[in-house]
Amino acid sequence: MTDSSQSSAPASTAPWTPDSWKTRPIKQDVVYENHQELESVLARVATLPPLVSSPEVDRLRAQLKDVAEGRAFLLQGGDCAESFDYCNPAPIEDKLKVLLQMSLVLVWGLRLPVVRIARMAGQYAKPRSSAYETVNGEKILSYRGDNVNSIDPARRRPDPKRLMEAYFHSAATINYVRLLLGAGFADIHQPKNWDLGHVRDKEIRHEYQTIVSRLTNALDFMEVIGATDGRLSALSTVDLYTSHEALLLDYEQALTRPVPKPVAKATRHVPYEPSTPPRNLLAPELCDWYNLSAHFIWIGDRTRQLDGAHVEYFRGVKNPVGVKVGPSMEAGELVRVLDILDPLFEPGRVTLITRYGASKIADYLPAHIKAVQGTNHKPVWCCDPCHGNTTTAPSGHKTRSFDAIISEITSNISIHSDLGSRLSGVHLELTGEHVTECTGGSQELLDTDLPSNYQTFCDPRLNYEQSLDIAFKIAKVYETRRESSSQK
């Protein structure tokens, strides 16, 4: 897409424009054979309507400020990489259902509002450690996600038209999510299918059933006293935001749109106009730039170079942004990333998505916390307990241990607490379907169970039951801490 050998001034000092990232070295770039076709597709995407609105992005920014300041908790989850085939009602409904049920359990356990962000409607790109892989003894181009090429080994040539397909699959997914939420899918007066029959351990099942019973009793009481009356009750509607790793910057740039700054609207009311390009071009100093492909975007562990294209692009958009933080990030580097992305010290502007592995978290997280505490930054600290705990089963399937995932979450909570900090969210690779890709959980899945319904073409995901298990476990940890604190 662009020449990675170019260099110029440090990313934080040169003027920012939506295409200034092209002056930086870039990682995880995609090389297209037909550059003219690529430019034609991008030009078309740049004229299409935005997928989300700037007021929605601003609402998420305000809610993540609450998360960063301890007044809310973040739940982010979804597929490792979406397939275009997931754009149909059943997978979308299943994913919404599990995220909503998880958030309800977390609200109960934490006694805090939960901000819900789905890895959905745009998570079509996949970073790879190598441009090539070997399939059936043949060296072929690696699968880079549905918006680049196909999982089919015979269709690995990067195809620009897939970017257009990504746009329309994202639009259809978002449209259906809006339809479901507008039609009362999120109505928690009637929690759907709280079936705990999958929980094999009787003691654990009793714990889960106790939480569900308390929840339903509380909801029944609120209905009796009339607290749930009203079509727009907070109990029947929720905010749910979309997110993805912003890997393909040409596509992200095409959906980066100027929006008049509030100061430009101060003299008179100007209704929101999502037209693209804007009918009347404004001077750059009167605009904010929003990435309107999603509400929230993040930088992956492989693309967070300080002088790189992705950090340069991210520093200029108004969206709240995430940064993956792992063992390879030095504490000083973390501070410099925050300085570039959050120069105004806005609480919640940056979400630090930590991914160490259960066996490594104690070696790295404390230094990262202390480094941030020495600054004026107030990021959201979010635990990704999945990526650092990936292993290979004897059958050859990539998998993750539920126990390792829970261990990283609980260690995260304890380390933050010991250092006077706060874990403010979790970031999970999950599905609402009944797959068998991770071991353990209340179903007590074993390595030998993996082949029975192993569906992922990317990394292993927590299934519906294991995802609820995570929510119950986190709720129990915080409930126990709250009870212990009240007894002191």
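Described below are features of the structure shown in this document. (Residues numbered from 1 in each chain as written. Predicted model: local features only at pLDDT ≥ 70, side-chain atom pairs only at ≥ 80, totals over all residues. Heavy atoms only, no water.)

Another point: the overall build of the protein. Along the protein, the regular secondary structure elements total 11 helices and 14 strands. Classification of the 488 residues of the protein by burial places 53% in the buried group. In the protein, 78% of the contacts between residues at least 6 apart in sequence involve partners at least 24 apart. (Helix = DSSP H or I, 4+ residues; strand = E, 2+ residues; numbered from the N terminus. Buried < 20%, exposed > 50% of the residue type's maximum accessible area, 1.4 Å probe, protein only. Contact = heavy atoms within 4.5 Å.)

To continue, consider the sheet that holds strand β11 (residues 380-383). Judged by pairing direction, the barrel is parallel, and its eight strands sit side by side in the order β1-β2-β5-β8-β9-β10-β11-β14 before closing back on the first. Between one strand axis and the next, the sheet turns by 25 degrees as a mean value, whatever way the strands run. Bridge analysis of strand β2 (residues 114-119) against strand β5 (residues 241-245) gives three bridges, and the strand direction is parallel. By the bridge assignment, Ala118 is partnered in β5 with Thr242. Lying over the sheet, helix α3 (residues 89-110) contacts β1 (73-78), β2 and β14 (425-429), oriented at roughly 155 degrees with respect to β1. (Pairing = 2+ DSSP bridges. Axes fitted to C-alpha atoms, helices over the stretch in contact; angles between N-to-C directions.)

Following the criterion strictly, the structure yields 23 salt bridges and no others. For Arg59, the salt bridge is made with Asp239, and the minimal N-O distance between the two is 3.6 Å. Of this pair, Arg59 sits in helix α2 (residues 54-68) while Asp239 sits in the loop between α5 (202-224) and β5, and the two are 180 residues apart along the sequence. For Arg59, a relative accessible area of 37% puts it in the partly exposed group. Residue Arg128 pairs with Glu133 through a salt bridge whose shortest N-O separation is 3.4 Å. (Salt bridge = Lys/Arg side-chain N within 4 Å of Asp/Glu carboxyl O.)

Right, let's get into helix α9 (residues 361-373). Between its first and last C-alpha, α9 extends 18 Å over 13 residues, near the 18 Å set by a 1.5 Å rise per residue. The set of residues buried in α9 consists of Ile361, Leu365, Pro366, His368, Ile369, Ala371 and Val372. (Expected span 1.5 Å × (residues − 1).)

Time to look at the side chain of Glu56. Within the secondary structure layout, Glu56 lies in helix α2. Here His295 takes part through its side chain, which lies 3.0 Å from a polar atom of the side chain of Glu56. Those residues in contact with Glu56, other than ones at most four positions away along the chain, are Arg178, Tyr241 and His295. (Polar contact = N/O pair within 3.5 Å; in protein donor to acceptor, adjacent residues only side chain to side chain.)

Overall, the coordinates contain eight aromatic pairs when judged by the stated rule. Relative to Phe168, the ring of Tyr167 lies with its centre 5.0 Å away and its plane at 90 degrees, an arrangement referred to as edge-to-face. Taking NZ or CZ as reference, Arg111 lies 4.3 Å from the ring centre of Trp108, over its face. Over the ring of Tyr132 we find Lys139; its NZ or CZ atom is 4.8 Å from the centre of that ring. (Phe/Tyr/Trp six-rings, centres within 6.5 Å; stacked < 30°, edge-to-face > 60°. Lys NZ or Arg CZ within 6 Å of the ring centre and 35° of its normal.)

Positive phi, close to 60 degrees, is recorded for Arg111, a residue that is not glycine. Its location among the elements puts Arg111 in the loop between α3 and β2. Positive phi, normally seen in glycine, also occurs at Glu444, with a value near 55 degrees.

Let's shift gears to the nonpolar core. Within the largest apolar cluster, 75 residues are counted, with the highest numbers of intra-cluster contacts made by Leu96, Leu428, Leu462 and Ile470. At 11 residues, α3 tops the list of elements feeding residues into this core. Once residues within four sequence positions are removed from consideration, Leu96 is found in contact with Met120, Val177, Leu180, Leu181, Phe185 and Leu240. One finds Ile26, Val317, Leu334 and Val372 within the second-largest nonpolar core, a separate group that totals 31 residues. (Core = buried A, V, L, I, M, F, W, Y, C linked by side-chain atoms within 4.5 Å.)

What follows is about the packing of helix α10 (residues 402-418) against helix α11 (residues 464-486). At a minimum axis distance of 11 Å, the contact between α10 and α11 shows a crossing angle of 30 degrees. With respect to each other, α10 and α11 are oriented roughly parallel. In this structure, α10 crosses over α11, and the sense of that crossing is right-handed. Between α10, through Phe402, Ile405, Ile406, Ile409, Thr410, Ile413, Ser414 and Ser417, and α11, the contact on the second element is made entirely by Gln466, Asp469, Ile470, Lys473, Ile474, Val477, Tyr478 and Arg481. Considered class by class, the residues forming the contact of α10 with α11 number nine nonpolar, four polar and three charged. (Parallel < 35°, antiparallel > 145°, perpendicular 65-115°, else oblique. Left-handed = near helix turned anticlockwise from the far one by under 90°. Nonpolar A, V, L, I, M, F, W, Y, C, P; charged D, E, K, R; others polar.)

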